[in-house]
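Spelled out, the chains give:
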Amino acid sequence: IKALIIMLAGIISAVITEALTQKAFNKPITIKDGSAVLTGLLVAMNVPPASPVWMTIIGSAFAIFIVKQLFGGLGFNIFNPALAARAFMVASWPVEMTTKWFKYNDNNVIAKGITNTFGYTKEAFDTFTSATPLGLLKEGPKLVKDLNLDPSKLNDMLYSPQMIKSMFYGNIGGSIGETSALLLLLGGIFLIIRKVITWHIPIIYIATVAALSAIYYSATGHPAGMHAMLFHVISGGLFLGAFFMATDMVTSPVSGKGMIIFAIGCGLLTFVIRLWGGYPEGVSYSILLMNAAVPLIDRLSKPKVFGANKKKSE
């Protein structure tokens, strides 16, 4: 219910901000096109389910007014509005954006599977489940050291079949739109089938992260390399970003070749930030950075025109 309230708040804030801004700028009010609704929903999908509602309201207003309307409105914004709003909220309210996860109890499938299998105390398990899987990957070694636990068990837990299954179905902590990989995957496939988006960006983006993960964990001799690769593919906001945000027509390349270059860049930056960056997740920042490169990518990937009169085209 709290997640539903946050989503409604994000949508209402985005629609009202768009209408007021367009009225103030003496522009036609276009809230019926649904773009503001989509932006507000995606902003809400990028916040934790236990975060304060006012934060999403401000974030949605920022996305519409600063990132979209001040750049000229729909079709003229350089960056994805929802992701820019997420970056703004992380910088403004880091505690609310990184700690307000849903906390599961002992009846949760993770508790039954992982706690019993790996023998962690209830104190340790409560600490682990208060973080997202990627947060645990980043901060887990320090937590294990502070609790005087066997460090080898942490990797066994993170890359266990139980954890992979829990992440796939959505039985883990995370932002509203980054928990169930299964539902996100079904939604993405639906968009591709309906030709709302093409396969280029989501498939290449996800495949790049998978390939880099497989190469890295294979090169480092990780005993659970395949599970580690699956962990990176279905954790965090990768599916949300790949299917629903990187594919934004305004802020992504126009040609198939350009989309592939864009997607590879997103995948590379995501993996680098996850492993060596200061944040556990790199999806939002990777897409924003590649948004800035879209004009250059479009120029480099512009298809050649055959049969045109050179003098007339000049």
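Note that this is a predicted model, so its numbers are computed, not measured.

Some points on the overall build of the protein
Within the protein, the regular secondary structure consists of 17 helices and zero strands. As displayed, the protein has an accessible area near 15,600 Å², and 68% of this comes from carbon and sulfur atoms.

Comments concerning the side chain of Arg274
Note on placement: Arg274 falls in helix H15 (residues 256–276). Of note is the side chain of Arg274, whose polar atom sits 3.2 Å from the backbone oxygen of Ser235.

Regarding helix H8 (residues 133–146)
Under the 1.5 Å per step criterion, the end-to-end length of H8 is 18 Å for 14 residues, consistent within 8% with the ideal 20 Å. Its axis deflected by about 60° at Glu139, H8 carries its strongest bend there, up to four residues before the proline Pro141. Listed in full, the buried residues belonging to H8 are Pro133, Leu134, Gly135, Leu136, Gly140 and Val144. Backbone geometry just after H8 places Asn148 at a positive phi near 55°.

Description of the packing of aromatic side chains
Here the structure, examined in full by the defined rule, presents 13 aromatic pairs. Ring centres of Tyr159 and Phe231 lie 5.4 Å apart, and the angle between their planes is 85°; on these two criteria the pair is classed as edge-to-face. Taken together, the residues Tyr159 in the loop between helix H9 (151–158) and helix H10 (161–169) and Phe231 in helix H13 (residues 225–234) connect sequence positions 72 residues apart. With a relative accessible area of 4%, Tyr159 lands in the buried category. The class for Phe231 is buried, based on a relative accessible area of 0%.

Structural notes on the confidence of the model for the protein
Taken as a whole, the protein shows an average pLDDT of 86; of its residues, 87% reach a score of 70 or greater. Mean pLDDT across the elements of the protein ranges from a minimum in helix H6 (residues 109–118), with 53, to a maximum in helix H3 (residues 53–68), with 96.

Concerning unusual backbone geometry
The backbone of Asn26 sits at a positive phi, close to 55°, despite the residue not being glycine. By secondary structure assignment, the location of Asn26 is in the loop between helix H1 (2–24) and helix H2 (35–45).

Notes on the packing of H1 against H3
For the pair H1 and H3, the least separation of the axes is 8 Å and the interaxial angle reads 35°. Here H1 and H3 pass one another in a crossing that is right-handed. Side by side, H1 and H3 meet where Lys2, Ile5, Ile6, Ala9, Gly10, Ser13, Ala14, Thr17, Glu18 and Thr21 of the first sit next to Val53, Thr56, Ile57, Ser60, Ala61, Ile64, Phe65 and Lys68 of the second. In the contact of H1 with H3, the residues fall into nine nonpolar, six polar and three charged.

Observations concerning helix H12 (residues 200–219)
Compared with the 28 Å implied by 1.5 Å per residue over 20 residues, the 28 Å span of H12 between its first and last C-alpha is a close match. Within the span of H12, buried status applies to His200, Ile201, Pro202, Ile204, Tyr205, Ile206, Thr208, Val209, Ala210, Ser213 and Tyr217. Residues of H12 that are buried in the fold lie against helix H11 (181–193), H13, helix H14 (238–245), H15 and helix H16 (283–300).

Rules used in this analysis
- Residues numbered from 1 in each chain as written.
- Predicted model: local features only at pLDDT ≥ 70, side-chain atom pairs only at ≥ 80, totals over all residues.
- Heavy atoms only, no water.
- Helix = DSSP H or I, 4+ residues; strand = E, 2+ residues; numbered from the N terminus.
- Areas by Shrake-Rupley, 256 points an atom, 1.4 Å probe, with all protein chains shown as cover.
- Polar contact = N/O pair within 3.5 Å; in protein donor to acceptor, adjacent residues only side chain to side chain.
- Expected span 1.5 Å × (residues − 1).
- Bend = angle between axes of the 7 residues up to and from the residue.
- Buried < 20%, exposed > 50% of the residue type's maximum accessible area, 1.4 Å probe, protein only.
- Phe/Tyr/Trp six-rings, centres within 6.5 Å; stacked < 30°, edge-to-face > 60°.
- pLDDT = per-residue confidence, 0-100.
- Axes fitted to C-alpha atoms, helices over the stretch in contact; angles between N-to-C directions.
- Left-handed = near helix turned anticlockwise from the far one by under 90°.
- Contact = heavy atoms within 4.5 Å.
- Nonpolar A, V, L, I, M, F, W, Y, C, P; charged D, E, K, R; others polar.

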